[in-house]
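Report on the structure
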Amino acid sequence: MDPDISIMFQCPLAEGLAEDRVQAEISPKYNRRILPEYEPQIAAVWKACQLEKPWLFNGAKFRVHSVVMERGVLTFRMGLTCYRDFIATNWSSRAPELQRRGLADCGESQAYLAEPLGVGAMLHTSDDYFVFLRRSLEVGEAPGLIDIPGGHPEPKAVAPGVPEEAICLEDLSEELVVQELFSSVLGEIRDEVNIPLPVLSRPVLLGIARNNTSAGRASAEFYVRCSLSTEQVRKCYLIGGPEAHESTSIVFVKRQDVLRQEENEDFWKEMCPSAKGGVKLYALVMGR
């Protein structure tokens with residue numbers, strides 16, 4: 001397998017997992033472990049990032065610790081983290097050191113990392129193409145590379161009325177967290193590709209892929225069917241949505257070519273890890 005990615009969880013069902021077969025367990029024991037001597041480094045890294053990019057803000061994120069599947073139901077074990085900690089742990093040059101320390105101290109390589117959960121969509125058009133986006137050179141992660149629509153589920157969507165910096169685990173309903181996990185991927189498609197929600201199917205979960213270029217940060221990858229053709233999707237994209245600035249062009253790939261994407265070395269090298277994870281899981285789950 002490509003060293004950029006690894007598979008944390010693969011759905012055992014060819015149809016994927018619908019929302020009613022997924023649940024969340026929210027607990028402080030799934031938060032990032034604190035390493036006291038490293039906390040000043042986190043603050044220093046974040047301060048430097050803000051000086052370089054003043055528009056950055058420290059939003060709350062869900063932290064995925066692990067998943068377990070029992071009796072046909074998948075449970076996400078989750079805590080809370082934030083964007084600041086992600087930048088200063090998963091994206092830090094000291095991430096390998098933190099992983100070694102996590103293994104030594106806790107028996108978990110990811111124990112001292114932020115591990116914010118991402119989401120991505122393998123978006124399938126009515127004429128049998130998948131939708132990819134060329135990322136802008138201005139974005140913080142994977143500039144200029146090819147990606148799938150995606151982003152993050154947001155704790156603030158589960159705790160309306162609570163200031164984002166004040167959100168705590170007690171504010172989060174486990175049922176609403178699952179709803180946000182599935183609805184957030186549709187929201188990302190709407191905002192990045194400008195496709196209206198009524199033409200999208202309910203997402204099904206393909207699995208979870210790890211991005212090894214950011215110390216194994218996990219992303220839940222979904223399959224979503226769209227009732228629009230490639231030409232209709234292209235027209236929507238060119239009109240532009242709220243997050244149109246994150247990409248510069250749209251790319252369509254025939255399903256049969258997606259299933260052989262790893263063999264296309266030139267295109268595969270241009271894909272960012274989140275897209276590679278989505279493609280790999282789609283091929284493993286639905287490419288049979």
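Above this note sits the structure.
All figures in this text were calculated on a predicted structure; none of them were measured in a lab.

The next point concerns empty space enclosed by the protein. Within this structure, the stated rule accounts for 1 cavity of 30 Å³ or more. Looking at the largest cavity, its volume works out to about 70 Å³. Taken together, Leu133, Arg135, Asp147, Ile148, Glu192, Glu243, Glu246 and Ser247 make up the full set of residues lining the largest cavity. Partitioned by chemical class, the residues of the lining of the largest cavity number 2 nonpolar, 1 polar and 5 charged.

Phi is positive for arginine 71, which is not a glycine, with a value near 50°. At alanine 215, a position not held by glycine, the phi torsion is positive, near 60°. By the element assignment, alanine 215 lies in the loop between β9 (204–211) and β10 (217–225). Classification of alanine 215 as buried rests on a relative accessible area of 11%.

Time to look at helix α9 (residues 273–286). With 14 residues, α9 ought to run about 20 Å at 1.5 Å a step, and its terminal C-alpha atoms sit 19 Å apart, in line with that. Burial of α9 is extensive: 11 of the 14 residues sit out of reach of the surface. Buried residues of α9: Pro273, Ala275, Lys276, Gly277, Gly278, Val279, Lys280, Leu281, Tyr282, Val285 and Met286, and no others.

If you look at the biggest cluster of nonpolar residues, it comprises 69 residues, and the most contacted ones within it are Phe76, Phe132, Leu172, Ile195, Leu200 and Val233. Here this core takes 8 residues from helix α5 (residues 174–193), the largest share from any one element. Discounting residues that sit within four places of it in the chain, isoleucine 195 has contacts with Leu123, Ile189, Arg190, Leu200, Cys226, Leu228 and Val233. Grouped together as the second largest cluster of nonpolar side chains are 17 residues, Leu35, Tyr38, Leu98 and Ala215 included.

Criteria and cut-off values
- Residues numbered from 1 in each chain as written.
- Predicted model: local features only at pLDDT ≥ 70, side-chain atom pairs only at ≥ 80, totals over all residues.
- Heavy atoms only, no water.
- 1 Å grid on protein atoms, 1.4 Å probe; cavity = no way out; pocket = protein on both sides within 12 Å on 5 of 7 lines; lining within 4 Å.
- Points joined across faces, edges and corners; volume = space filled by probe spheres on them.
- Nonpolar A, V, L, I, M, F, W, Y, C, P; charged D, E, K, R; others polar.
- Helix = DSSP H or I, 4+ residues; strand = E, 2+ residues; numbered from the N terminus.
- Buried < 20%, exposed > 50% of the residue type's maximum accessible area, 1.4 Å probe, protein only.
- Expected span 1.5 Å × (residues − 1).
- Core = buried A, V, L, I, M, F, W, Y, C linked by side-chain atoms within 4.5 Å.
- Contact = heavy atoms within 4.5 Å.

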